Amino acid sequence: MEQRRLGLRAKPMIVCPDHMIGQWASEFRSAYPNAKLLVADDDNWDKDNRRTFINKIATGDWDTVLIRNESFKMIP
């Protein structure tokens, strides 16, 4: 978040282990309650919503994008 504040990073993405996505999201929200966080969990990453979600990542002004390792591997 400090790098984002200083303008060194535009849209940081955190790739975390699949089973820890919920914990990462809750810890991040507790550390930075005002940050705009986009989480690629099972609800957002189902087959029908993938393209929409990728477009959200590309066009949104997110402070951080949090994505599971397996989901990250699916991005071309």
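Rules and cut-offs
- Residues numbered from 1 in each chain as written.
- Predicted model: local features only at pLDDT ≥ 70, side-chain atom pairs only at ≥ 80, totals over all residues.
- Heavy atoms only, no water.
- Helix = DSSP H or I, 4+ residues; strand = E, 2+ residues; numbered from the N terminus.
- Rg over C-alpha atoms; globule rule 2.2 N^0.38 Å.
- Buried < 20%, exposed > 50% of the residue type's maximum accessible area, 1.4 Å probe, protein only.
- Contact = heavy atoms within 4.5 Å.

A.B. asks: Can you explain the overall build of the protein chain? Please cite residues and give values.
C.D. replies: Summing up its helical and strand segments, the protein chain has 4 helices and 3 strands in all. The order of α-helices and β-strands along the protein chain, N terminus first, is α-β-α-β-α-β-α. A compact globule built from 76 residues would reach a C-alpha radius of gyration of about 11 Å, and the protein chain, at 12 Å, matches this within 12%. Taken along its principal axes, the extent of the C-alpha atoms in the protein chain is 35 × 25 × 20 Å. Every one of the 76 residues in the protein chain was classed for burial, and the buried ones make up 29%. Counting contacts in the protein chain only where the partners sit at least 6 residues apart, residues at least 24 apart contribute 69% of the total.

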